[in-house]
Structure formats: structure tokens, C-alpha cells
Amino acid sequence: MNKGRTDGTERPEVETWILRLRDRPGALERVLSLLRRRRVGLEGLSFAKAGEDRLDVELHVGVTVVQRERIQVELAGLADVEAAEGEEPVGLRRLDSFNENEGTNDGT
Amino acid sequence: MNDRPTNGAEWICDSLVEEGVRILFGHPGGAILPFYDALHGRPELRHVLVRHEQAAAHAADGYARATGNVGVCLATSGPGATNLVTGLATAAMDSVPLVALTGQVPTNVMGTDAFQEVDVLGLTIPVTKHGFLVESFEDIPDVMREAFRVARSGRPGPVLVDLPKNVQAAAVPAYWRNRPASVPPSENGTRPAPTDPRLYEVLGQAAELLDNALRPVIMVGRGVVASETSECVRALAEAHRLPVITTLLGLDAFSRNHPLSLGMPGMHGTARANRAIQEADLILGFGLRFDDRVTGPVASFAPAAQIVLFEVDPAVVGRTVKPDLAVVGDLRTTLPAFRGRTRSRAHRGEEWWGRLRTWSRDPSSTVFDAAGEGSPFGGLEDQPPTGREAARALARQIEGAGGQVSTDVGQHQMWMAQELKEGAPATHFTSGGLGTMGYALPAAIGAAFGRADRATWAVAGDGGFQMTLQEMATVVQEDLPVRIVVVNNGYLGMVRQWQELFFEGRYSASRLSGPDMSAVARAYGIPARTVTRRDELTSALRWADAATGPVFLEIRVVNEENVYPLVPPGARLDEMVEEPIPPAPEPATLP
Ligand SMILES: Cc1ncc(C[n+]2csc(CCOP(=O)(O)OP(=O)(O)O)c2C)c(N)n1
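The structure reproduced in this document is the subject of the present report. (Residues numbered from 1 in each chain as written. Chains lettered and ligands numbered in written order. Predicted model: local features only at pLDDT ≥ 70, side-chain atom pairs only at ≥ 80, totals over all residues. Heavy atoms only, no water.)

### Concerning the overall build of chain A
Here's step 1: Along its length, chain A carries two helices and five strands.
Here's step 2: Going from the N terminus to the C terminus, chain A shows its helices and strands as β-α-β-β-α-β-β.
Here's step 3: Here the contacts in chain A between residues at least 6 apart in sequence split such that 74% fall between residues at least 24 apart.
Here's step 4: Looking at chain A as shown, the accessible area adds up to about 5600 Å², and 45% of this sits on carbon and sulfur atoms. (Helix = DSSP H or I, 4+ residues; strand = E, 2+ residues; numbered from the N terminus. Contact = heavy atoms within 4.5 Å. Areas by Shrake-Rupley, 256 points an atom, 1.4 Å probe, with all protein chains shown as cover.)

### As for the environment of B:Gly263
Residues and elements named next belong to chain B.
Here's step 1: Position of Gly263 relative to the elements: it lies in strand E11 (residues 261-263).
Here's step 2: On a C-alpha basis, the gap between Gly263 and Asp362 in space is 7.9 Å, while along the polypeptide they are 99 residues apart.
Here's step 3: Dropping the residues within four chain positions of it, Gly263 is found in contact with Val244, Ile245, Thr246, Arg256, Thr270 and Ala273.

### Describing the site of the ligand
All names here are of chain B.
Here's step 1: Residues in contact with the ligand amount to 17 residues; listed here are only the nearest, Gln411, His412, Gly435, Gly463 and Gly464.
Here's step 2: Interatomic distance of 2.9 Å between a side-chain N/O atom of Asn489 and an oxygen atom of the ligand.
Here's step 3: Note that an oxygen atom of the ligand is positioned 2.9 Å from one of the backbone N or O atoms of Met494.
Here's step 4: For the shell around the ligand, the element with the most residues is helix H20 (residues 462-468), which contributes four residues.
Here's step 5: Of the residues assigned to the shell around the ligand, the class counts are seven nonpolar, nine polar and one charged. (Near = heavy atom within 4 Å. Polar contact = N/O pair within 3.5 Å; in protein donor to acceptor, adjacent residues only side chain to side chain. Nonpolar A, V, L, I, M, F, W, Y, C, P; charged D, E, K, R; others polar.)

### Some thoughts on the interface of chain A and chain B
Here's step 1: On the chain B side, the residues contacting the 21 residues of chain A number 30 residues.
Here's step 2: Summed over both sides, the interface between chain A and chain B buries roughly 2100 Å², with carbon and sulfur atoms accounting for 50% of that surface.
Here's step 3: Put simply, chain A and chain B have three salt bridges between them.
Here's step 4: Residue A:Glu74 is joined to B:Arg319 by a salt bridge in which the shortest nitrogen-to-oxygen separation is 3.0 Å.
Here's step 5: Connecting chain A to chain B are seven residue pairs in polar contact (both at pLDDT 80 or more).
Here's step 6: Contributing elements (two or more residues each) for the side of chain A that touches chain B: helix H1 (27-37) and helix H2 (65-76) of chain A. (Buried area = accessible area lost by both parts, 1.4 Å probe. Salt bridge = Lys/Arg side-chain N within 4 Å of Asp/Glu carboxyl O.)

### Thoughts on helix H12 (residues 230-240) of chain B
Here's step 1: Looking at H12(B), one finds that the buried residues are B:Ser230, B:Cys232, B:Val233, B:Ala235, B:Leu236, B:Ala237 and B:His240.
Here's step 2: Packed against the buried residues of H12(B) are helix H10 (199-212), strand E9 (216-220), helix H11 (222-226), strand E10 (244-246), strand E12 (282-286) and helix H15 (331-341) of chain B. (Buried < 20%, exposed > 50% of the residue type's maximum accessible area, 1.4 Å probe, protein only.)

### Points about the packing of aromatic side chains
Between two aromatic rings, the relevant description is the distance of the centres plus the angle of the planes.
Residues and elements named next belong to chain B.
Here's step 1: Under the defined criterion, the tally for this structure stands at 11 aromatic pairs over all chains.
Here's step 2: Arranged with centres 6.4 Å apart and planes meeting at 35°, the rings of Tyr175 and Trp176 form a pair that is tilted.
Here's step 3: On the basis of relative accessible area, Trp176 is assigned to the buried category, the value being 17%.
Here's step 4: By the ring-pair criterion, three or more aromatic residues cluster together here, those being Trp11, Phe137, Tyr175 and Trp176.
Here's step 5: One cation-aromatic arrangement involves Arg496 over Tyr491; the distance from NZ or CZ to the ring centre is 5.6 Å.
Here's step 6: It is Arg511 that lies over the ring of Tyr491; its NZ or CZ is 4.6 Å from the centre. (Phe/Tyr/Trp six-rings, centres within 6.5 Å; stacked < 30°, edge-to-face > 60°. Lys NZ or Arg CZ within 6 Å of the ring centre and 35° of its normal.)

### Focus: H15(B)
Residues and elements named next belong to chain B.
Here's step 1: Regarding H15, the residues found buried are Leu331, Thr334, Leu335, Ala337 and Phe338.
Here's step 2: Next to the buried residues of H15 lie H10, H11, H12, E12, strand E13 (306-311) and strand E14 (325-328).
Here's step 3: The N-cap of H15, judged by a side-chain oxygen 2.8 Å from the amide nitrogen of Arg332 a few residues on, is Asp330.

### Brief notes about unusual backbone geometry
Residues and elements named next belong to chain B.
Here's step 1: Look at the link from Tyr564 to Pro565: it is a cis peptide, with omega at -5°.
Here's step 2: Examined against the element boundaries, Pro565 turns out to sit in the segment after strand E20 (551-556).
Here's step 3: Residues other than glycine seldom take positive phi values, yet Ser95 does so here, at roughly 55°.
Here's step 4: What makes Ser95 buried here is its relative accessible area of 13%.
Here's step 5: The phi dihedral of Phe290 is positive, around 50°, even though this residue is not glycine.
Here's step 6: Within the secondary structure layout, Phe290 lies in the loop between E12 and helix H14 (292-295).

### Points about the nonpolar core
Residue and element names in this part refer to chain B.
Here's step 1: Of all hydrophobic cores here, the largest spans 61 residues; its most connected members are Ile218, Ile283, Leu284, Phe301 and Phe310.
Here's step 2: In this structure Leu284 touches Leu210, Val217, Ile218, Met219, Leu242, Val308, Phe310 and Phe338, once residues within four positions along its chain are discounted.
Here's step 3: Counting 47 residues, the second largest nonpolar core, distinct from the first, contains Tyr63, Leu133, Leu160 and Ala444. (Core = buried A, V, L, I, M, F, W, Y, C linked by side-chain atoms within 4.5 Å.)

### Side note on the pairing of strand E19 (residues 528-531) of chain B
Residues and elements named next belong to chain B.
Here's step 1: Of the strand pairs in this sheet, E19 and E20 are connected by four bridges, and their pairing is parallel. When the sheet's bridge partners are listed, Val531 is paired in E20 with Ile555.
Here's step 2: In the classification by handedness, the crossover that spans E19, the intervening helix H24 (residues 537-545) and the parallel E20 is right-handed. (Pairing = 2+ DSSP bridges. Right-handed = clockwise from strand over helix to strand, strands pointing away.)

### Section: the packing of helix H17 (residues 387-400) of chain B against H24(B)
Residues and elements named next belong to chain B.
Here's step 1: Orientation of H17 relative to H24, taken along the N-to-C sense of each, is 40°, at an axis distance of 10 Å. Comparing their axes, H24 and H17 come out oblique. By crossing handedness, the relation of H17 to H24 is classed as right-handed. Here Glu389, Ala390, Ala393, Leu394 and Gln397 of H17 come into contact with H24, specifically with Leu537, Leu541, Arg542 and Asp545.
Here's step 2: Split into classes, the residues belonging to the contact of H17 with H24 amount to five nonpolar, one polar and three charged. (Axes fitted to C-alpha atoms, helices over the stretch in contact; angles between N-to-C directions. Parallel < 35°, antiparallel > 145°, perpendicular 65-115°, else oblique. Left-handed = near helix turned anticlockwise from the far one by under 90°.)

### Quick look at the sheet that holds strand E3 (residues 46-49) of chain B
Residue and element names in this part refer to chain B.
Here's step 1: With parallel pairing, six strands are arranged side by side in an open sheet as E3-E2-E4-E5-E7-E6. Sheet topology places E3 and strand E6 (130-133) at the edges, where each strand pairs with a single neighbour. Within this sheet the neighbouring strands show an average axis-to-axis angle of 20°, counted without direction.
Here's step 2: One ladder, built from five bridges, connects strand E4 (residues 71-75) with strand E5 (residues 98-104); its direction is parallel. By the bridge assignment for E5, Val72 is matched with Val99.

Shown next as C-alpha cells:
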């Protein structure tokens, strides 16, 4: 018991996450604010309009395994983050996982 | 069908009425004037004019905590909006449902640094659950519905709606106004969240853990108050003879007079609660987020326990303490379902209870009992009461009459938390997460409107009181029977305590030379009394309780006194320091 009660000691890995947002004022900023508040290292960001009022966002983030699930859940809970079709948890897809040493910050 | 010509502001009022809003707390200004104009013809929407927008947010917060409904506050653009920020952050940390409406400069000048323009949506992103900028009047009904839905749903929180002046003033054609909104309405009060079918499997595992546990404890947080599941927790605890620990924000979820109560955990918690956590083999957490003031260093928290967390917000799970099992869902659903799956083992646990009873559940026994006039003060009746004595007497008076109380932040807050015992749901309001000084008085204003059937008290220190004391004017203007109590120790008491204990007594900027508080209250038109002696305390509190309008009481307490028990920063919960035994009273009139 009490194994891994914190996630402070784990190494972060860089992952790519895709989000679809409702393109409303503050939507993208809220996603970025959440990542910064939770001390997730942002390694890369790109986004593109998807139709009239949607935005597709690709995030390269440095997260520990323990952080990942929690932050994804929190991102999915934002009012402007929409479900991507057929994805679990809502609106998030883990596309890739790179080598753990690739230039991440400490991610905790 | 409504054919009356209207504008955006009136439409917003319609939405508020539809959402069940009856009262708003705010302060007007240029960019929100069209809305205030619409309010003028709306007697069904009562507006309370506060003297500072921070107080609007805290009052809406107090209203929400007291009633379970969404609190609404409003402010103009620029400085009005920025003044809301502390109140929004306070509500966000403590999961309080709020909707904040802010005026904004017209859309055609947005982005030009126009007079009183500030990006309040951007500014409040980290301290709100969500925010909207309404760019066109057509969006008003949908945005308003969504704002209330987001504020209420799941783990409740504050939502900002920024309203450019031209959107408020826009003429709304009748055919638009009667168009059905595309977002469905949500009911007032917080809503049960949908239930995940996998939940029942997890519940079975949780029940098994309880069935097998030898040293179980329940920890109760604000989620139980917000979801109104205190009764269910009590029934569960009684069926299994489970010890119950209540966090600062869960104090009013379970009576600490109950034989199963162990009291409050954490930095100023009881020995019984803290040691129980450290020795437990199972912790059932209900609606709490394991704040660091509760856990101490996370790695040393509850080293022998399996932890099962029942929580509505999956994002909270594992943020500090990582539970072994998480039951994510609305407590209104998960707690009864869990109870139904457990086998009653009330006969068990004698050994555990025997151990628990060896630790004190009373934070302090060194208190003169001021319950009765003329009670023995050991010849010290002309001395100022201690802060703890004041808190104990206050708690008795408030709870004895079924009242509700908001506290500020500091030593008095901790003493009140330790001394309040009854645990009637939604009767204790305090800024637990953000620790916002200045909260008590405005929050009491909101609570007094929300629950006019309860005697309302605001208890603050002399430091925090001076952060929002201007709201005495609001209390007077509304003729609100709020009993305002300032526990005056002449210091930023909690800061002084830390300086005494952890900075070798260097009192850097913690001494306060306050005004004559009662004279200030009288200047606002509030009857006031000052207590300087122990033996005046009880009669002064009775006087305050009997008031039918605002009253003010300053209690001048001992200057340098510390809150105990205390878990020093960085220490484990079981490394708590208990109250030093005081020296024998002087002058010694005792035999
Ligand atoms: C707005 C704000 N500023 C600063 C603090 C830090 N702080 C915490 S307790 C405290 C002292 C409070 O003093 P007082 O209101 O007199 O209450 P006491 O501790 O004496 O009961 C301070 C300054 C805070 N919590 N909130």
C-alpha cells in the first residue's frame, strides 16, 4: 500500500494528443491554461479550423503515465472540448508515444 | 407568445428568471448599464447593491452554499470585472456554483484598449469552470442555459458570461425572442451526473474492501454537503460503526457530537482524526479532494491504508493522493448503491475503537466554560477571553439557535472549525481552498438572503474584516439581520503564530493597529458592543442573537495565542503538536 501515492517521481514521455474544440472565444486558451496549471510540458502545438465553428488541435505534451489519464479526463471535461468520433475517453486520442528521453521538461 | 419589443438585456433577464434566479449581487457601471436598466423593470429579480465587486462574488457564493442554488453576481467591465476575480477563484476552489455576468465594451471597440476594456474572459480562465463571450444577441438564450448547466453539473463551479454593451442594447425582434433555445433547460440545484455502467463493478470491489477492513475510516468533504447526502453517510457509518472524519468544508456534513465522529483532520485537526488516518487500513473518502492541508506530505499520508475515493469529478482523482480505487459518479447515486452492497459488520471493530479512544477528539480542554454567567473563571473574569473561548461561546450560541455562520481566514477560522459541533448541513461557510481573507461578511450577506429562516453570523479576524468591512453599508441598506463578530487580537493572528513558531518570533508586518471597530460599525448605523472581559461574553452573544436587524460585536481577545493541535509544515499527520499545558492561573484564587 501507499505505492505510488504520488506521481512526482515518474519520467514524462512526449505524446501527441488531438482535440476537437468548439471554436469559441477562450476555448484554445482554456486548454493551454489547463496544461500550464497542471504543469504539463507543452512541446508543440498546431491547430486548424475544421469547418465553420470547430477547431482541431494537435498537442505534443510531456506527461507522466499517472498524469496522462487525469489530464485527459480534465481536458475532456472542458465545455468546449468535443468528443472525437468513437474515441475514449471523450475527445482525446493518444496517437503516439515517443522515447522518454526526447527533450521533455520534468512534467510534474 | 410575447410580442413586446425587447433588447438583449431584457432577454438576459428572461433567461435568469427561467433558470430560477431570484437574487443578484452586483455593482453597476457604464458597460453593464443596459442590463441594469432592464433590471429596473423586473421586481422578480432582486438586486443587492454591494460596495465592492469582490463582495458580489462572495455574496453569491454564500447564497449558493446556503441554498444549493446557483449564485449570480454582476459587475461592469474593466475594474468591476477584475474585482470579481478573487471571488471567482474562491468559488472555483470550493466547488461553488456561480454565474458571473460582466459588462464588456461594445464589440466594435473590443481589442483597442478602449476605456474600461479588459480581457476578463482571458483573465478568469484559470479560476472559472468555463467562460463565454456573447458576441451576438442571438446567442443569449443558449449561452445563458449552458452557463447555468455548466455551473451546476458534475463538480459545480463558477462560470463567467461576458456581455458587450451593444449585445445588451441590441433590439431583439419578437420572432427571435420566441424562438426555442437549442440548449435544453437545466433544473436549479446541482444535477445528478449520469451514471457509468462500469460503476457497479467498482462499487462491488469497494464493498469488498470494507467488508475485509479491520481499521476503516470515512473521510467526508464538501461533496457530501453539496450533494445533500449527509443522511446516507450517517446511515452507512452507523450500520458499520465506522469512524467519521470531516474536513473543513465537510464539517457541516456530520455532527461532531455523534459518537462515531473523530473530528477534523489535517493541520489543525484532532489527534484522534489524524492518528486514525495514519493507522487506518481503509479510507473511504466521500466528496473530497485530499487538499494538502488535510494530508500533509502526500507520501506519508495514510501509509497503511487502501484508499477508495467517491467523487463526482474524475479530474480530482489522484491529483494529490492516488486512491487505490475510485468510484466516479454523483454521490446521490453512488453512496446508496454502495451501501446496498455492503454487509453490516457493526459487531466488528471493537479493537479499532479501543485504539481510537486512546486519542483525544477534543482539540483543547484548556478553556474556561463561559456557558453560564458567573461561571468560575478562576478569578480571571476581568481578563480578555482567549480566541478559543470566544469561538467556543460563539459556536454554542450559533448552533444552539440553529443558525448559520460564515468565517473568515486565520486563527479564528480554525478555532470556529474546531468548536462548531452540530454539523447541520449547509450551515458553515468558509473559504477552505483559496483561504480568502475578507470572505466572511459578504458571504454572510448572501447566506442571509438565501436562508432568511436561520440566524446568520459572520465571524472574522481584525485583519480579514478590514478587507471587506465596507459591506456593513450593504447590510444596513438591506436591513439584514447579520450578526457581525470581529475576534480582535491586534494581529494578523495566523501569520503571527507562524512567525512565532517557525521564524523565531520575528513579527514582520503582522501587528495591526486597528480602528475602534465598534465605533466604525456605529458610523455605518449598526448597534455595536465591545467585549473586553471574559464574563461579558455570554450576555453579549445573547444580545447579538436576539437582534432583528444588523448588529456588531467586537471581542477583544488575548493578543498572542496559538491554534493547537498543529501539524508543522512538512510533518506527518501523526507528528502533530498538541496544546502545551498552560501555567497555573494567576492571580491564584484557587485553593
Ligand atoms: C486576501 C488574503 N491575504 C493574505 C492572506 C494570508 N493570511 C492568512 S491568515 C492571515 C492573518 C489573518 O488575520 P486576522 O484576519 O486578524 O485573523 P486571525 O488569524 O487573527 O484570526 C493572513 C494575512 C490571506 N489568507 N488572504
